[in-house]
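Notes for the structure review
Here is how the chains run, residue by residue.
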Amino acid sequence: MTDLWADALAGLPLLLRVPAGARGLVLIAHADATRQRQPEQGFVADVLHANRWATLPFCLHSAAEQAAGLAPPGLVQARLRIRAMFDRLSAFREADGLAVAMVGVGEAVPGC
């Protein structure tokens, strides 16, 4: 795991959205930061929130890594990052007791 990705992971509390009465949490893995910001991704999260699902989007290839010209993670590295995401998730009190599902978007699908 690169330090750049670890720095991105540290900023995750800003991305966790938990609606009142949430019935579960959906982790949304994106292949890169630019795809995470596409309008349709916001639409999907809004629909999930309207149906009382919490969301936590994250990128397998951080914006800092992309800016530094680093290659996207391979399958093994992507799985390690997903594992780190689950470890980090345990620090969020808001997510306590929620069932967790994960979806991969685009090139992030194989790692999920």
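The rules behind these values
Residues numbered from 1 in each chain as written. Predicted model: local features only at pLDDT ≥ 70, side-chain atom pairs only at ≥ 80, totals over all residues. Heavy atoms only, no water. Salt bridge = Lys/Arg side-chain N within 4 Å of Asp/Glu carboxyl O. Helix = DSSP H or I, 4+ residues; strand = E, 2+ residues; numbered from the N terminus. Buried < 20%, exposed > 50% of the residue type's maximum accessible area, 1.4 Å probe, protein only. Expected span 1.5 Å × (residues − 1). Arc of directions from axis to C-beta.

Turning to the pattern of salt bridges, a few remarks are in order. Side-chain pairs of opposite charge can arise where the charged atoms are in close proximity. A full pass over the atoms with the stated rule returns 2 salt bridges. Arg 83 is paired through a salt bridge with Asp 87; the nearest N and O atoms lie 3.7 Å apart. Taken together, the positions of Arg 83 and Asp 87, both in helix α5 (residues 75–89) and 4 residues apart, correspond to about one turn of that helix. When its relative accessible area of 58% is taken as the criterion, Arg 83 is described as exposed.

What follows is about α5. For α5, spanning 15 residues, the distance from its first C-alpha to its last is 21 Å, which sits close to the expected 21 Å at 1.5 Å a residue. Listed in full, the buried residues belonging to α5 are Ala 78, Arg 81, Ile 82, Ala 84, Met 85 and Leu 89. On an axial view of α5, the arc spanned by its buried residues comes to 160°, and they lie on one face. Summarising the geometry of α5, the exposed residues directed more than 90 degrees from the buried face are Val 76 and Arg 83.

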